[in-house]
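Spelled out from the first residue to the last, the chains are:
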Amino acid sequence: QVPLVESGGGLVQTGGSLRLSCAASRSIFSINVVGWYRQALGKQRELVAAITTDGITNYADSVKGRFTISRDNAKNTVYLQMNSLKPEDTAVYYCNAVMPYTTVPLYGWGQGTQVTVAS
């Protein structure tokens, strides 16, 4: 059983917005950094945003200023608000717990959620 489940992807036009959700078990959510990764066709999976249990955030340069990661502790959920979307943001997006100070995921991968940005 995958401990984190993604939702919220879809098709959007360039410049549009989407919000992704990542639901996790309480045991994972309360002690771990949680991050959003993405994998475009033919490319390696990359970490684009992460948030600590204290709410400290970090972003890849490619999404800085456009994406916002946040967490709702009451719902054990992490969100990724994506604005000003570009065709190069098209990818399958995954969430996972992240080993602190690294980009290394701690658990297996779920199905992810597809984000497609039309030009």
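Residues numbered from 1 in each chain as written. Predicted model: local features only at pLDDT ≥ 70, side-chain atom pairs only at ≥ 80, totals over all residues. Heavy atoms only, no water.

1. A look at the sheet that holds strand 8 (residues 77-82)
Then step 1. Pairing in this open sheet of 4 strands is antiparallel, and the strands run 1-3-8-7 from one edge to the other. Both outer strands of the open sheet, strand 1 (4-7) and strand 7 (67-72), are each paired with one neighbouring strand and no more. Sheet twist, expressed as the average angle between the axes of neighbouring strands with direction ignored, equals 20°. (Pairing = 2+ DSSP bridges. Helix = DSSP H or I, 4+ residues; strand = E, 2+ residues; numbered from the N terminus. Axes fitted to C-alpha atoms, helices over the stretch in contact; angles between N-to-C directions.)

2. A few points about the sheet that holds strand 10 (residues 113-118)
Then step 1. An order of 2-10-9-4-5-6 is seen for the 6 strands of this open sheet, with the pairing classed as mixed. In this open sheet, the two strands that pair with only one neighbour each are strand 2 (10-13) and strand 6 (57-59). In this sheet, neighbouring strand axes are inclined to one another by 25° on average, regardless of whether the strands run parallel or antiparallel.

3. Details of the environment of Leu18
Then step 1. Mapping Leu18 onto the fold places it in strand 3 (residues 18-24).
Then step 2. Leaving out residues up to four positions away in the same chain, Leu18 has contacts with Gly8, Gly9, Gly10, Val12, Leu80, Gln81, Met82, Leu85 and Val115. (Contact = heavy atoms within 4.5 Å.)

4. Observations concerning the state of the cysteines
Then step 1. Tallying each qualifying case throughout the model produces 1 disulfide.
Then step 2. At a sulfur-sulfur separation of 2.1 Å, the disulfide partner of Cys22 is Cys95. Across the S-S bond linking Cys22 and Cys95, the dihedral sits near 80°, which makes this disulfide right-handed. Here Cys22, found in strand 3, pairs with Cys95, found in strand 9 (residues 91-98); they are 73 residues apart in sequence, far enough to count as distant.
Then step 3. Assessed through its relative accessible area of 1%, Cys95 is described here as buried. (Disulfide = S-S within 2.5 Å. Buried < 20%, exposed > 50% of the residue type's maximum accessible area, 1.4 Å probe, protein only.)

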